[in-house]
Each structure stands twice: as structure tokens, then as C-alpha cells.
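Each chain, written out:
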Amino acid sequence: MIQLEPGICTILIIVDNRRSDIQGLRGIAVLAVVLYHANLFVHGGFVGVDIFFVISGYVIFNSILREYGITGSVSVRDFVVRRIHRLLPAFSILIICTLTASIFVLSPFGDQQQVVRTSQAASLFGANIYLAIQNSYFALVNNPLRHTWTLAVEEQFYLFLIVFLYMCHLIARKISIEFTKFVLRSVVVLGVVSFLLSLLFSFGNRMIPLPTRVAFFSMPTRAWEFSVGILIALTEIRRARNNFGLVFSNFLSIIGTVLIAFAFFQFNTFTTFPGFAAVIPVVGSGLLILDSHEGSLIKRALKFRPLVWLGDVSYSWYLWHWPMIVFFIVLWPGNQIAVLAAAFGSLVPALASYYFIENQFRINSNSPRHRKSTSRIFLVSV
């Protein structure tokens, strides 16, 4: 299939797009976060969020490119509508249920008001901004919606990304340069700037108020993590297929696994984060995504069905696990068994949310061409 742009001949190379290993990696990430919140042995499990960010950058950018390969343009409206259908229904139910439960479980003298204010910010995908200006992250220990800051960061980045890519499309057409090449250069620049800001504020530079909280919660200081996923997708486009040999693929994926495992078990709440430390899980995740050789040992391990299944339900499980942990801690303080029951019992509402809300809206909102598409379209200039 050939698609023409002004001054550019672009070949659309259609290849297999099924990456169950990425779903497996997503499953490991959500499991790490849940174990961390349940106060188990994965003291650095909070880096599961960073793994999510890298995966999101890779997956979302590929979906935008697939659309671009079909239509030859970037539609801000269509992208936003798809994101709303994908995330908002399950998210809305979670907020409603959490607010309702808070009436019966939390104190009306402070905790309930905190939950209401957080829900207002979360509904507008601004929970990260709200939490950044509070006394501290840990002062909100009884806030069952504090985990929604990560969703706010993702949605803010997605909105920035689609507008940014739309502008890149217009500029690339104007100056007759290949779209993906222009995006690659721009993402590198923006990623470097984001990383430098993250370092600057992580170590307490007083250029702005509350620098360490801004570094942790803000989208601009986390954007470089998404950019790593985008750069991997762009790397695949430039070479069309993974031409790594099996030995080198195993080498990359083993290094990636070691880096992630190190972060899981060596990081803790005293680690300066994101700072330089975030590089370890981000690079580790990137190496695992970069390895798409079917014979790779780690890739085959990530396709383990239970991990893939956890990856499939990861969004819903992430939504429900923290509110249930908070409520169980309030009801049975100091009871670790109650915490574990909440952490893994949250899979029950998560599964209901996944099958009856998340899946229904995702299927109904996609057009037939999106539902049937299991391919990725690479744009290679000739």
C-alpha cells in the first residue's frame, strides 16, 4: 500500500501487532504496585507506575501512528473521544463508589472533605496538581483517591501528545519533511528537557515552590518516561522489524529484567525519586519492550497466561485496589491480613468493572476497522 504526501513517498508496511509480552509486563507492574501498597516485600513496587508510563508512551503512540497510516492525518477529536470512552466510564464508577463508601467509613471531620476535594480534582484529571500542593503525599494516608494522580499525569500527557503530533503533522507537510523523522527529533529534544527538569526539581532546586513534589507529581517532569516508549516505537518504524539476533535479544531483555528487579527490591520510600533513580526502571522497561524477538526467553516468560491476564485487567485493578486497602485499614487498623484481603479482594470489583464496563465501552466505541486490526503500520520513507 502506497500513500503519498507532498514530496514524500511513504510505504505502509503491515506487520503483526500482537504483543502479549507487553501485557505481561503490564501485569508485573500492577502486581508490584499492589504489593507495595499492601506493605509486602516489594519495597520499590511504586516504580510499577513508571513501567506503566513507558508502556503507555509506546502503545498510545503506535495507535496514533496506525490511525495516521490509514487517514494520513492526526485527529485530535477522535483521539480524545476514544480516550474518554476507554477510561472515563470505569473511572466514574470508581469515584462514585469511593465517595459513597467514604460516608460510612471515614471521619466527617476532615477525611471525607479531603476525599471530596480529591474526587473533584480527579474528575478533571487534575489529581496530581491537587496532591502536589498538599502538605505531603504521606499526609494523605486515608485518602482513597490519592492513586488517581497517575491517571491525571497520563491524560495530561495524552492531550499534550495529540496536539503536539497534530502540530508536527502540519509543520512536516509545510517544510516537506518525513513526519516520523520530524517527530523523532522533536521527541528527543522534549524528552531531554523533561528529564533535566525532573533532575532539577527532584534534588530540591528552589526555582519554584515545592520542587520535590512538582518533580514527583507533575506531567512535565514525568513526560520523558513516556518519551522513552515513543522513541522505541519510532526506532521500530525506522527499521520496520526487529533485526536483533536471538543472543542479543536475550541479552537486552535480561538486562531489562535485572534493572526492574533491582528497582523493585532495592528502592524504598527514602529513595530520591524520580531523580536519577527513575532511569533504572524506565530503561529496564524500554529494553523489554524493545526486545520483540519471538525466541527470547524473557519475552516468552512475559507471555505467561496469568501475567497477561493481570495485564488485561490492570487498569481496573489499579483503580480499585487502593480505595479498598484504605477502607480496610480504617476498619481494621494494624491488621495485615485485612490489608492483604483488601489488596487481592479488590480483584472482584476490578473484574466486574473490566468485563461489564471497561470492555463494553471499549468495544462499542471502536469502529470495525479498529476492532479487527491486529497489525501495526510502519511508515518508511523511500
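Figured I'd write up the structure that's included with this text.

The rules behind each value
- In this convention, every chain numbers its residues from 1, walking through the sequence in written order.
- Reporting in this predicted model follows two pLDDT cut-offs: at least 70 for local features of residues, and 80 or more for side-chain atom pairs to be given and counted; totals over whole chains, interfaces and linings ignore these cut-offs and use all residues.
- As a convention, hydrogens and water are excluded, and side-chain values are obtained from all of the structure's heavy atoms.
- Numbering of helices and strands runs from the N terminus; a helix is a DSSP stretch of H or I covering at least four residues, while a strand is a stretch of E covering at least two.
- Throughout this description, buried means an accessible area under 20% of the type-specific maximum (1.4 Å probe, protein chains only), exposed means over 50%, and partly exposed covers the range between.
- Here a polar contact is taken to be a pair of N or O atoms separated by no more than 3.5 Å, where protein atoms must pair a possible hydrogen donor with a possible acceptor and residues adjacent in sequence count only if both atoms sit in side chains.
- What counts as a salt bridge is simple: a side-chain nitrogen of Lys or Arg found within 4 Å of a carboxyl oxygen of Asp or Glu.
- Charged residues are defined here as Lys and Arg on the positive side and Asp and Glu on the negative side; His and the ends of the chain fall outside this count.
- Pairs of residues are marked as contacts when any of their non-hydrogen atoms sit within 4.5 Å.
- Every axis in this analysis is a line fitted to C-alpha atoms, fitted for helices over the stretch in contact. Angles between the N-to-C directions lie between 0 and 180 degrees.
- Reported orientations rely on four angle classes, namely roughly parallel under 35 degrees, roughly antiparallel over 145, roughly perpendicular from 65 to 115, and oblique for the rest.
- Left-handed describes a crossing whose near helix is turned anticlockwise from the far helix through less than a right angle; right-handed describes the clockwise counterpart.

**With respect to the overall build of the chain**
Argument step 1. Along its length, the chain carries 17 helices and three strands.
Argument step 2. A total of 382 residues make up the chain; the buried ones form 53% of that total.

**A closer look at the side chain of Arg19**
Argument step 1. As for its position among the elements, Arg19 is in the loop between β2 (8–16) and α1 (20–37).
Argument step 2. You can call Arg19 buried: its relative accessible area is 12%.
Argument step 3. Separated by 2.9 Å, the side chain of Arg19 and the backbone oxygen of Ile289 make a polar contact.

**Notes on the pattern of salt bridges**
Argument step 1. Summed over all chains, the structure comprises nine salt bridges.
Argument step 2. Across the salt bridge formed by Asp78 and Arg77, the nearest N and O atoms sit 3.2 Å from each other.
Argument step 3. Note that Glu358 is salt-bridged to Arg86, the shortest N-O span being 2.8 Å. Of this pair, Glu358 sits in helix α16 (residues 347–365) while Arg86 is found in helix α3 (residues 76–105), placing the two residues 272 residues apart along the sequence.

**Here's the deal with the side chain of Arg26**
Argument step 1. Within the fold, Arg26 resides in helix α1.
Argument step 2. Although buried, Arg26 forms no salt bridge, and the nearest oppositely charged side chain, Glu154, lies 6.8 Å from it.
Argument step 3. Within the structure, Arg26 has its side chain in polar contact with the side chain of Gln23 (distance 2.8 Å).
Argument step 4. When sequence neighbours within four positions are dropped, the list of residues in contact with Arg26 reads Phe52, Ile55, Val59, Gly311 and Ser314.

**Thoughts on the packing of helix α14 (residues 314–331) against helix α15 (residues 336–345)**
Argument step 1. Where α14 meets α15, the closest approach of the two axes is 8 Å, and the angle between their N-to-C directions is 155 degrees. As the angle between them shows, α14 and α15 are arranged roughly antiparallel. Along this stretch, α14 crosses α15, giving a crossing that reads as right-handed. On α15, the residues touching Trp317, His321, Met324, Ile325, Phe328 and Ile329 of α14 are Ala338, Val339, Ala341, Ala342, Ala343, Phe344 and Gly345.

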